[in-house]
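Read off the chains here:
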Amino acid sequence: MQLSNLRVFKQKLNKRQRTLLVSILFSLILCSVVLTGFLLNEDRIATNLEVRNASPSLDHLFGTDWLGRDMFSRTIMGLSLSIGVGLIGAIGSACISIILGVVAATMGKVADSIVTWLIDLFLSVPHLVSLILIAFTFGGGFKGIVLGIALTHWPSLARVIRSEVMQVRSLEFVQVSKKMGKSRWWIAKEHIMPHIIPQILVGILLMFPHAILHEAAVTFLGLGLSPHEPAIGIILSESMRYLSVGMWWLAFFPGICLLIIVRMFDKVGDHLRMLIDPHNAHR
Amino acid sequence: MSILKVDNLSVSFKQYTSGLRQTTQKVISNLSIELVSGEILAIVGASGSGKSLLAHAILGILPVNATTSGDISFDGEVLTPKRQEQLRGKEIALVPQSVNYLDPLMRVGAQVRTSVRKENPKEAQKKVFKRYHLNQEVEKMYPFQLSGGMARRVLVSTAMVSGARVIIADEPTPGLDSVVIEEALNNLREFADQGCAVMLISHDIESALKIADKVAVFYEGTVLEIAEADKFEGNGDRLQHPYSKALWRALPQNDFRTNID
Amino acid sequence: MSWQFTWNLATYLFWKSIKIASLLVSISFISFLLVKNSPIDPIQAYVGADMLHVSAEQREKIEEYWGLNEPVIQQFFSWGSAVLSGDLGTSMIYRLPVSEVIGERFYNSLALMITAWLLSGIIGFSMGVIAAMKRDTWMDRVIKGFCYTLASTPTFWMGLLLLIVFAVWLNWFPIGMGVPSGVLAEDVTMMDRIKHLILPALTLSIIGVANVALHTRQKLIEVLSSDYIVFARARGEKGFTLFWRHGLRNIVLPAITLQFAAFSELFGGAVLAEQVFSYPGLGQATVEAGLRGDVPLLLGLVLFSTIFVFVGNLIADLIYRVVDPRTREGQSYAAK
């Protein structure tokens with residue numbers, strides 16, 4: 001009965017309304033994972049040698065590790081840490097892209113060619129290699145990984161912002177405002193911001209999944225967060241030693257949870273892009 | 001003799017307007033026309049009023065988010081999507097607007113050859129290129145290398161070699177100089193004189209009148225009036241609908257009189 | 001091909017070579033500054049556990065020998081001029097010239113990357129085509145869902161999964177190493193190499209599929225809704241013929257270009273896959289160099305990977321210039 005009610009409810013909504021609903025739902029799940037991770041008591045992952053190496057059961061949904069720590073709690077904590085680090089890095093990166101993008105679009109030809117050159121420069125080294133280089137420079141750890149993410153993820157968003165701002169600036173109504181003697185600040189506030197802010201927000205959202213994945217990858221390689229931290233990359237790299245004895249759950253559950261989280265971020269970003277993009281009106 | 005009949009046709013599209021609301025937009029409503037062998041029917045109306053969609057509806061190549069109602073019949077037989085598929089390019093041929101309708105990465109000779117249905121493709125293509133005064137080299141060219149006039153002739157060639165009995169020409173004249181327009185129109189007249197039924201879709205009533213037998217005045221997704229071409233004369237008093245009169249009087253040689261009296 | 005075309009190509013290549021030269025110089029400079037600022041002590045990295053036995057005097061001697069006590073700019077110029085003469089320095093962890101390490105590792109990685117590049121290209125392209133041709137059916141939805149999921153999948157975790165299934169459970173493949181350990185290099189057979197190659201290559205291919213497939217799908221959908229497809233359908237073409245005649249030729253070039261332009265992701269993926277399977281390629285060397293502070297090797301690898309990515313982009317660009325008739329042949333009607 002309830003199920004059919006739900007279905008009727010679903011049918012009543014059109015695609016856009018459903019999209020919005022799914023985005024809100026996913027955002028709630030993401031927030032709750034992060035919060036739970038931070039609020040979880042350290043006791044939850046205390047060593048308990050009596051139950052070590054246990055495969056998944058009702059008591060320990062994701063099993064336990066070689067020290068008897070509950071993998072479910074470790075996973076949640078790892079996820080929230082990885083999301084946190086990814087978010088901080090991505091926000092830093094977004095700031096760089098906004099500044100450089102706007103500078104390139106508004107400060108004349110020289111500034112533009114310098115920024116374009118910088119973008120080319122950063123895109124010419126494989127992402128992961130520059131991440132490793134930067135993490136190495138700052139001696140790894142939290143600082144290394146956050147700086148690494150912030151310094152490597154900005155080029156594509158900067159490019160988008162640059163071209164968006166340029167495009168809006170060349171639009172007729174902006175040109176007219178300029179001729180009417182409106183100040184630069186007024187034009188930026190009234191015409192340019194409303195156009196590019198949604199784009200920037202979506203750009204940042206779509207940067208999160210990359211940042212989270214890269215954080216996990218670099219930490220997995222041993223160049224990111226330190227082994228004492230309950231990060232997802234650490235959990236997975238530690239699990240490698242126990243895979244050959246068949247403890248598959250050590251790698252399987254944390255990884256698939258990471259995948260789901262990343263996918264949710266991706267989906268929320270994609271959905272919002274669809275909602276703000278007029279080209280999708282007919283879909 | 002009527003060969004293609006469109007009866008009470010409506011076409012609508014689904015789309016999202018503001019924010020979260022979904023609406024259905026009707027582009028063609030309750031439209032009826034009839035094509036007769038040996039005659040040219042011109043469909044005239046403002047640009048962007050959905051005339052091309054009429055052509056696409058007849059051929060059954062509308063986008064997926066379109067819905068249609070009403071009947072289209074060919075040779076007295078009502079067309080199903082399946083039947084439309086069989087007839088496209090064989091009995092009903094389209095002469096499209098511009099060179100964009102040719103595959104940009106395929107040599108034009110090859111594209112004309114794929115349209116041949118009854119004869120030997122190579123020979124038919126050579127013959128038709130000769131007939132339309134297209135050089136040997138044109139065969140090996142890509143669409144982007146064609147001039148406006150050459151592109152027109154290549155597009156007409158595709159319809160010519162198909163041997164279709166119904167020809168639908170969609171805006172064959174925009175952006176061309178007067179000599180090429182003349183030529184394009186004459187080519188369509190030849191089709192009709194060979195016994196084909198021709199439907200000419202155009203916003204240019206003046207050039208359409210030069211060759212058309214009948215003119216259907218298209219407005220807001222439907223046909224207001226179908227009149228013989230010779231009724232478009234003088235003050236337009238022999239036309240019935242005020243919009244047709246206005247359309248006729250707005251022409252340069254009729255002093256641009258746009259007011260309806 | 002006309003004289004004009006050859007001339008254009010020559011000027012294009014000239015500018016491209018200037019570009020790569022300037023890129024390499026800037027990247028060397030920035031990377032050099034970066035690694036010099038690292039808190040990781042290069043001498044400790046070199047000496048390793050024996051550090052306790054190194055006296056202050058010895059330390060000074062080593063510093064002097066490597067020029068570590070000179071200003072950074074000076075160090076950069078002496079390193080830079082050595083690089084220009086072909087000497088990338090000596091790797092601290094392998095105790096071999098960096099160029100030799102990279103050369104040997106690249107050979108291993110190349111086998112891995114070519115396999116993955118081809119497999120992901122072919123499979124991804126076919127998946128994209130199927131999805132676009134069957135747009136909005138269950139098949140399209142499955143392929144799309146699969147690709148989006150892959151795009152969110154951590155490469156190393158995919159490697160771990162394959163390792164669990166094929167190496168641990170099914171026991172089909174060895175768990176790691178490019179060649180069996182304890183066997184002399186000349187005794188390693190082709191079969192051994194291939195066996196150790198399959199899982200990392202598979203990991204890379206699976207991950208690489210998503211990008212090509214989604215891109216091809218999008219492109220083909222665009223092509224299918226283009227005017228020339230409308231006209232081709234109006235001429236009675238449909239189904240496979242339609243795809244073969246007009247679809248394929250318009251999407252193959254973009255797909256190949258995309259694959260070449262994705263060398264950067266390929267390299268990144270190889271780093272992770274090689275680490276999971278302890279495959280002795282460039283990626284693993286990069287991680288080792290970063291972990292153990294092997295500065296000359298790390299710098300060499302940064303430069304090498306830059307060239308690698310650049311070559312991919314260059315090939316992608318060249319393909320368009322040479323193959324696409326719109327750039328290859330001029331507007332010939334104007335001349336006639």
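Every value quoted in this text rests on a predicted model; they were computed, and no experiment measured them.

Scoring rules and cut-offs
Each residue is numbered by its place in its chain's sequence as written, counting from 1. In the order they appear in the text, chains get letters beginning with A and ligands get numbers beginning with 1. The predicted origin of the model limits local features to residues at a pLDDT of at least 70 and limits the giving and counting of side-chain atom pairs to 80 or more, whereas totals for whole chains, interfaces and linings rest on all residues. Only hydrogens and water are removed before side-chain values are computed, so all heavy atoms of the structure are retained for them. The way it works is that DSSP assigns letters per residue, a run of H or I at least four long becomes a helix, a run of E at least two long becomes a strand, and they are numbered from the N terminus. Each residue gets one of three labels from its accessible area relative to the maximum for its type: buried under 20%, exposed over 50%, partly exposed in between, using a 1.4 Å probe on protein chains only. Per-residue and other accessible areas were derived by the Shrake-Rupley procedure at a 1.4 Å probe size, with only the shown protein chains allowed to occlude residues. Criterion used throughout: strands pair if DSSP finds at least two bridges between them. All axes here are fitted lines through C-alpha atoms, helices being fitted over the stretch that makes contact, and every angle between N-to-C directions spans 0 to 180 degrees. UniProt positions are given in the numbering used here, feature names are shortened, and annotations may be inferred rather than shown by experiment. Here, residues are in contact when the closest pair of their heavy atoms is within 4.5 Å. What gets called buried area is simply the loss in accessible area from a 1.4 Å probe that two parts show on being joined, summed for both. For this document, the term salt bridge refers to a Lys or Arg side-chain nitrogen within 4 Å of an Asp or Glu carboxyl oxygen. Here a polar contact is recorded for every N or O atom pair within 3.5 Å, except that within protein the pair must consist of a potential hydrogen donor and a potential acceptor, and residues adjacent in sequence are included only if both atoms are side-chain atoms. Note on residue categories: nonpolar means Ala, Val, Leu, Ile, Met, Phe, Trp, Tyr, Cys or Pro, charged means Asp, Glu, Lys or Arg, and polar means any other residue, Gly included. Each patch groups residues whose relative accessible area exceeds 30% and which form no salt bridge, using 9 Å between like charges and 5 Å between nonpolar side chains of Val, Leu, Ile, Met, Phe, Trp and Tyr. Within this scheme the basic residues Lys and Arg register as positive and the acidic residues Asp and Glu register as negative, but His and the chain ends are omitted. Each charge is placed at NZ for Lys, CZ for Arg, CG for Asp and CD for Glu. Any helix carries an expected span of 1.5 Å times its number of residues minus one. Roughly parallel here means an angle under 35 degrees, roughly antiparallel means over 145, roughly perpendicular means 65 to 115, and every remaining angle is called oblique. In this scheme the handedness of a crossing depends on how the near helix is turned from the far one: anticlockwise by less than a right angle means left-handed, clockwise means right-handed. Ring geometry is summarised as follows: Phe, Tyr and Trp rings, the Trp one being its six-membered ring, pair when their centres sit within 6.5 Å, and such pairs are stacked at plane angles under 30 degrees, edge-to-face over 60 and tilted between the two. Any Lys NZ or Arg CZ found within 6 Å of a ring centre and within 35 degrees of that ring's normal is scored as a charge over the ring. In plain words, nonpolar cores are sets of buried Ala, Val, Leu, Ile, Met, Phe, Trp, Tyr and Cys residues tied together by side-chain atoms within 4.5 Å.

1. Considering the overall build of chain C
Helices and strands together make up the secondary structure of chain C, namely 15 helices and 0 strands. Residues classed as buried in chain C amount to 46% of the 336 residues present. Surface exposure of chain C reaches about 16500 Å², of which carbon and sulfur atoms provide 65%.

2. Section: the overall build of chain A
In terms of helices and strands, chain A carries 11 helices and 0 strands. Burial statistics for chain A: of 283 residues in total, 50% are counted as buried. Entry remark: accessible area of chain A is about 13800 Å², with carbon and sulfur atoms responsible for 65%.

3. Things to note about the sheet that holds strand 9 (residues 214-219) of chain B
Residues and elements named next belong to chain B. As summarised here, the arrangement of the 6 strands in space is 6-7-8-3-9-10, forming an open sheet in which the pairing is mixed. Here the strands that pair on one side only, and so sit at the sheet edges, are strand 6 (92-95) and strand 10 (222-228). When the angles between neighbouring strand axes are averaged without regard to direction, this sheet yields 20°. Bridge count for strand 3 (residues 40-44) against strand 8 (residues 197-202) is 5 bridges, and the pairing is parallel.

4. Quick notes on unusual backbone geometry
Leaving glycine aside, a negative phi is the common case for residues, and trans is the common case for peptide bonds. Located in the positive-phi region is D75 of chain B, a residue other than glycine, with phi close to 55°. A positive phi angle, close to 55°, is found at R95 of chain C, a residue other than glycine. Locating R95 of chain C in the fold gives a position in the loop between helix 4 (72-84) and helix 5 (98-133).

5. Focus on the pairing of strand 6 of chain B
Consecutive residues of a regular strand have side chains that alternate between opposite faces of the sheet. Residue and element names in this part refer to chain B. Burial of strand 6 is two-sided: the residues I92 and L94 facing one way and the residues A93 and V95 facing the other way are all buried. Summarising the sheet, strand 6 and strand 7 (residues 166-170) pair through 4 bridges and their orientation is parallel. Counterpart to I92 in the pairing with strand 7 is V166.

6. Digging into the UniProt feature "domain: ABC transmembrane type-1" (unreviewed entry) in chain A
Under the feature "domain: ABC transmembrane type-1" (unreviewed entry), the UniProt entry names residues 79-269 of chain A. The span residues 79-269 of chain A is 85% helical and 0% strand by assignment, and the distance between its end C-alpha atoms comes to 19 Å.

7. Some details on the UniProt feature "transmembrane region" (unreviewed entry) in chain C
Residues and elements named next belong to chain C. Residues annotated in UniProt with the feature "transmembrane region" (unreviewed entry) correspond here to residues 12-35, 106-133, 145-170, 197-214, 251-277 and 297-320. The distance from the first to the last C-alpha atom of residues 197-214 is 27 Å, and the span holds 100% helix and 0% strand. Strand forms 0% of residues 251-277 and helix 93%; the C-alpha atoms that close the span are 35 Å apart.

8. Describing the interface of chain A and chain C
Contact residues are listed per partner, giving 42 residues for chain A and 46 residues for chain C. Interface of chain A and chain C: buried area, both sides summed, is about 3800 Å²; carbon and sulfur atoms make up 79% of it. Here chain A and chain C share 1 salt bridge between them. Put simply, D120 of chain A and K19 of chain C hold a salt bridge, and the shortest N to O gap is 3.4 Å. Put simply, chain A and chain C have 3 residue pairs in polar contact (both at pLDDT 80 or more) between them. Listed by contribution, the elements that provide at least two residues to the side of chain A that touches chain C are helix 4 (108-123), helix 5 (127-137), helix 9 (184-221), helix 10 (232-243) and helix 11 (249-276) of chain A. Examining the composition of the side of chain A that touches chain C, we find that 10 residues originate from one element, helix 11 of chain A, more than from any other. Its residues assigned to classes, the side of chain A that touches chain C comprises 28 nonpolar, 9 polar and 5 charged.

9. Things to note about a positive patch on the surface
A contiguous patch of positive charge, built from K15 and R18 of chain A together with R135 and R141 of chain C, is present on the exposed surface. Position of R18 of chain A among the secondary structure elements: in helix 2 (residues 15-39).

10. Observations concerning a negative patch on the surface
The grouping of E57, E60, E64 and E70 of chain C at the surface amounts to a negative patch. Position of E64 of chain C among the secondary structure elements: in helix 3 (residues 56-66).

11. Topic: the pattern of salt bridges
Opposite charge on two side chains allows them to pair when their charged atoms are near. Residue and element names in this part refer to chain B. This model, assessed by the stated rule, comprises 27 salt bridges over all chains. The partner of D193 in a salt bridge is R189, with the nearest N and O atoms 3.3 Å apart. Of the two residues, D193 and R189 both sit in helix 6 (residues 178-193), 4 residues apart, roughly one turn of that helix. According to the relative accessible area criterion, D193 is exposed, its value standing at 55%.

12. Description of the side chain of T306 of chain C
Mapping T306 of chain C onto the fold places it in helix 13 (residues 295-323). A distance of 2.7 Å separates a polar atom in the side chain of T306 of chain C from the backbone oxygen of V302 of chain C. For T306 of chain C, the contacting residues outside a window of four places in its chain are S124, V125 and P126 of chain A together with L24 and I27 of chain C.

13. Thoughts on helix 5 (residues 148-162) of chain B
Each α-helix winds once per 3.6 residues, and so residues spaced three or four apart point in a common direction. All names here are of chain B. With 15 residues, helix 5 ought to run about 21 Å at 1.5 Å a step, and its terminal C-alpha atoms sit 22 Å apart, in line with that. Most of helix 5 is tucked away, with 14 of its 15 residues classed as buried. After helix 5 finishes, the residue G163 shows a positive phi value of roughly 70°.

14. Some words on the pairing of strand 9 of chain B
Residues and elements named next belong to chain B. Two elements, strand 3 and strand 9, share 4 bridges in a ladder whose sense is parallel. By the bridge assignment for strand 9, I43 is matched with A216. Strand direction decides the pairing type here: strand 9 and strand 10, joined by 6 bridges, are antiparallel. The residue of strand 10 that forms the bridge with A216 is I226. A loop of 2 residues connects strand 9 with strand 10, the two strands running antiparallel in sequence, and E220 in this loop sits at a positive phi of about 50°.

15. A short note on the packing of helix 5 of chain C against helix 13 of chain C
Residues and elements named next belong to chain C. Where helix 5 meets helix 13, the closest approach of the two axes is 11 Å, and the angle between their N-to-C directions is 45°. Overall, the two elements helix 5 and helix 13 adopt an arrangement that is oblique. Relative to helix 13, the crossing made by helix 5 is right-handed. The segment helix 5 lies against helix 13, with V98, V101, I102, F106 and M113 engaging P296, L297, G300, L301, F304 and F308.

16. Concerning the packing of helix 9 of chain A against helix 11 (residues 263-276) of chain C
One way to put it is that helix 9 of chain A packs onto helix 11 of chain C with a least axis distance of 11 Å and a crossing angle of 40°. In this view, helix 9 of chain A runs oblique relative to helix 11 of chain C, as classed from their interaxial angle. Between helix 9 of chain A and helix 11 of chain C the crossing geometry is left-handed. In this structure, helix 9 of chain A contributes A217, F220 and L221 of chain A to the contact, and helix 11 of chain C contributes V271, L272, Q275 and V276 of chain C. In terms of residue class, the contact of helix 9 of chain A with helix 11 of chain C is built from 6 nonpolar, 1 polar and no charged.

17. Points about the packing of aromatic side chains
For the structure on display, the rule yields 26 aromatic pairs over all chains. Between W248 of chain A and F252 of chain A the ring centres are 6.0 Å apart and the planes differ by 70°, which places this aromatic pair in the edge-to-face class. Take F252 of chain A: its relative accessible area is 25%, and that puts it in the partly exposed class. Here the aromatic residues F106, W117, F260, F263, F267, F304 and F308 of chain C are joined through ring pairs into a cluster of three or more. Taking NZ or CZ as reference, R235 of chain C lies 4.5 Å from the ring centre of F231 of chain C, over its face. Across the ring face of Y12 of chain C, the terminal group of R321 of chain C is positioned such that the distance to the ring centre comes to 4.1 Å.

18. Some points on the nonpolar core
Within the largest apolar cluster, 128 residues are counted, with the highest numbers of intra-cluster contacts made by L128, F220 and L221 of chain A together with F156 and L297 of chain C. By residue number, the principal contributor to this core is helix 9 of chain A, which donates 16 residues. Sequence-distant contacts of L128 of chain A, defined by excluding residues within four places in its chain, comprise H214, A217, V218 and L221 of chain A together with G268, V271 and L272 of chain C. Listed in part, the 89 residues of the second largest apolar core include I92, V154, A169 and L209 of chain B.

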